[in-house]
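Results of the structural survey
Letter by letter, the chains look like this.
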Amino acid sequence: MRRVLSPVTLGGLALPHRVVMGSMHLGIEDRDDGGAALAAFYAARAAGGAGLIVTGGSAVNRVGTGGVHYSVVGEREHAPRLARVAEAVHETGGLIALQLFHAGRYAFAASFGLRPVAPSAVPSRFSPDPPRALTGAEIAATIDDFARGAATARRLGFDAVELMGSEGYLLNQFTSAVTNRRDDGWGGDAARRRAFPLAVLAAVRDAAGADFPVLYRMSGADLMDGAPDTDEVLALARELARAGAAALNVGIGWHESRVPTVQAVVPPGTWAPYPARIRAAVAGAVPVIASNRINRLAQAEQLLAAGDADLVSLARPFLADPELIARSRAARPVNVCIGCNQACIDRSLADEPVSCMVNPAAGRELSLLPAAGFADPGAAVADATRAGGGERGRDRRRYAVVGAGPAGLAAAHALATAGERVVLYEAADEPGGQFRLARLVPGKADYGATIEYYAAELAALGVELRLAHPVGPDDRAELAGCAGIVLATGVLPRPVDLPGADGPNVLTYPQAFAAADRLGERVVVVGGGGIAVDLAHLLSHGRTDGDERNRFRAEHGLAAPLGVTGGRQVTLLRRGPRIGTGIGRTTRWALLAALRRRGVLLRTGVRYDRITPAGVLLAGADGPELVPADTVVVAAGQLPADALRPMIAELAVPYRVVGGAADGAVDAVTAFAAGAEAGRALR
Ligand code: SF4
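In this text, all values refer to a predicted model and were calculated from it rather than measured experimentally.

Quick notes on the rules
- Every chain is numbered independently, its residues counted from 1 as its sequence is written.
- Local features are withheld for residues below a pLDDT of 70 in this predicted model, meaning they are given only at 70 or higher, and side-chain atom pairs are given and counted only at 80 or more; totals for whole chains, interfaces and linings count all residues.
- Working from all heavy atoms in the structure, the side-chain values ignore hydrogens and water.
- The quantity known as pLDDT measures the predictor's confidence residue by residue, on a range of 0 to 100.
- Working definition: helices are DSSP H or I runs of at least four residues, strands are E runs of at least two. Numbering for both runs from the N terminus.
- Given a helix with a known number of residues, its expected span is that number minus one, times 1.5 Å.
- Contacts are residue-level and defined by heavy atoms, with any inter-residue pair within 4.5 Å sufficient.
- Working definition: rings of Phe, Tyr and Trp (its six-membered ring) pair if their centres are within 6.5 Å, and the pair is stacked with planes under 30 degrees apart, edge-to-face with planes over 60 apart, and tilted otherwise.
- Exposure categories follow from relative accessible area, calculated using a 1.4 Å probe and restricted to protein chains: below 20% of the type maximum is buried, above 50% is exposed, and the middle band is partly exposed.
- In this scheme, the term charge over a ring applies when either NZ of a lysine or CZ of an arginine sits within 6 Å of the ring centre and within 35 degrees of the ring normal.
- Here an angle of 0 to 180 degrees is reported between the N-to-C directions of two axes, which are lines fitted to C-alpha atoms, with helices fitted over the stretch in contact.
- Convention used here: angles under 35 degrees read as roughly parallel, angles over 145 as roughly antiparallel, angles from 65 to 115 as roughly perpendicular, and any remaining angle as oblique.
- For any pair of crossing helices, the crossing counts as left-handed if the nearer helix is rotated counterclockwise from the farther one by less than a right angle, and right-handed if it is rotated clockwise.
- Under this grouping Gly is polar, as are all residues other than the nonpolar Ala, Val, Leu, Ile, Met, Phe, Trp, Tyr, Cys and Pro and the charged Asp, Glu, Lys and Arg.

1. Here's the deal with the confidence of the model for the protein chain
Across the protein chain, the average pLDDT comes to 92, with 96% of residues at 70 or higher. Predicted complex, confidence summary: ipTM 1.00, pTM 0.93.

2. A look at helix 7 (residues 230–242)
Between its terminal C-alpha atoms helix 7 stretches 18 Å, which fits the 18 Å expected from 13 residues at 1.5 Å a residue. Contacts from the buried residues of helix 7 go to helix 4 (170–175), helix 6 (195–208), strand 10 (214–221), strand 11 (247–252) and helix 8 (273–282). Within two residues after helix 7, Gly 244 carries a phi angle of roughly 100 degrees, on the positive side.

3. A short note on the packing of aromatic side chains
If you walk through the whole model with that rule in mind, you get 14 aromatic pairs. When the ring of Phe 174 is compared with that of Phe 196, the centres are 4.1 Å apart and the planes differ by 25 degrees; the resulting orientation is stacked. On the criterion of sequence distance, the pair formed by Phe 174 in helix 4 and Phe 196 in helix 6 is long-range, its members being 22 residues apart. Like Phe 174, the residue Phe 196 is buried in the burial classification. Through a chain of ring-to-ring contacts, three or more aromatic side chains come together here, namely Tyr 70, Phe 101, Tyr 106, Phe 108, Phe 126 and Tyr 169. One Lys or Arg, Arg 62, reaches over the ring of Phe 112 and ends 4.4 Å from the middle of that ring. A cation over an aromatic ring shows up here: Arg 258 above the ring of Trp 589, its NZ or CZ 4.5 Å from the ring centre.

4. Some thoughts on unusual backbone geometry
For Leu 223, which is not glycine, the phi dihedral falls at a positive 60 degrees. For Leu 223, the position within the fold is in the loop between strand 10 and helix 7.

5. Describing the packing of helix 14 (residues 406–417) against helix 16 (residues 446–460)
Relative orientation of the contacting elements helix 14 and helix 16 amounts to 30 degrees, with a least axis distance of 10 Å. By the criterion of interaxial angle, the relationship of helix 14 to helix 16 is roughly parallel. Where helix 14 crosses over helix 16, the handedness of that crossing is left-handed. Contacts from Leu 409, Ala 410, Ala 412 and His 413 of helix 14 reach helix 16 at Tyr 453, Tyr 454, Glu 457 and Leu 458. Broken down by class, the residue content of the contact of helix 14 with helix 16 amounts to six nonpolar, one polar and one charged.

And the structure:
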């Protein structure tokens, strides 16, 4: 970590290390709390060692907002909130840049009775509202809005601004012939398409002062058909450097690109060549920041050591662990972002408040999690126990958590960080629950890092982890002496009621994950939910002699093809109309596209007849149809594994049932959050 944790100067700002916390929209930017929640979020990251933080995009005018909860830097009610954010970060020793943002044709302006604006009237797959073309006068006014936004940011106490010019937003729309079909001073050839971002940069520098750093988030590759070629990208980089940008922060891909950029299926480090070529082109004239799919400081260190960038920008990793920097400096375990997108980007796109699957406290630094609805036959007992005194001076109480999957790990963590004694029982010989299966799936190895993080944290907090200990009647007396119990025993695979389902060629999905190397060449999966998709991904992935990053690039037309061997013929069968229900919006399409590329057959609306030794027999309009298989795997949902509930309910001890044990669902976002909530509620 020698390089990445070494100090650097950027636009006159002395940064303690080379990790910039990247921009993330949080969905609480307009919360009517005076900016308290927003300030607490950023202050927690600054306190955890973040050096320079870039805020979520603050729109320079109302028509440029990316959703209903965006802040608008020019509107009066947002100023106190933004000022509070800057002050809170400064109080904890950090630096903060306001990102100036305009969504252009990606705006959801109809929510405000407005029509999105863009260089040209080119609709997008990403936004439901078609844009209209900006007039020349409106372009000039928009440049003024950026300039005023920068001056306001400085007045409100920010240390810098970043211009959002990547990911397909307005500035990026001007640089691309896909969306800029003008033939005036703002479009017509590559040089004129660069005129708008350069004019914005110049105006912003004029308004904010030459000593005020202006970072520019530029697109290293739009990943769109007809996008600017490498020469155009590098020309923009050189001109931005000449125009005084304090840094070039290199983003990858547009929201409507069909190449995934930040999903777990993208191998970390895939995008390093893009900042590298920009860095070579600007030849030291301006620092270059690499971003996208960098989720560990060790990767960042390699990237810097290879000379691919001067700094790195990490965003979601700061959701997963606000103490990412401090923990890394102290060689303590880090809660790694696993690239699931489920509680962050998917929620942001749905205009919901952002959090993090593996860190449910993210975005809830003040309110934490509401306590509601747990079965509490012994509330009076708990109250009496609580009456013993303050947080520090009283005796620690003992709590039991049964099950060490996501919900149980989070519950044990919440209780232990509050100073309580915790015994965590787990029937398997390893914690992790469903995460132990997920980590086997290509692209999901980091789910194993979550298990490692929680195991290490719980050990450091003194939690007693009893592995290979299925709780039963012998534990009754011990549980009865606890101050509270969390039942987090997860789920069981749901059996299917089909003739032949008990045959020797039929496996449950946990059995199939465990025996993935030994299954036959033709596998039929009965079921089409998230677990079935994961299993199909694992079984069809195959092997390559090359680096997974090159394989990913080859599969998406970004590099020469690589040979792949060993993938099986996999068929998913589903009664319902949709494969992959329950998978997040930003991940489902990428996973299904990968399956189709590998020849996985995705069949919906099927009617089962029976399972035979030769495969699955379907009932069709024209008679039975055999889908041949050496192995049939049942992944047709789950049932709550809550057999202990009656015994625990009899103990007159406050308890909560959480995660899959409560509802039979496999939803890790809910499970982590419910576990943490239960831990807090039981105290
Ligand atoms: Fe990372 Fe998933 Fe957390 Fe988002 S929700 S920050 S992708 S771990």
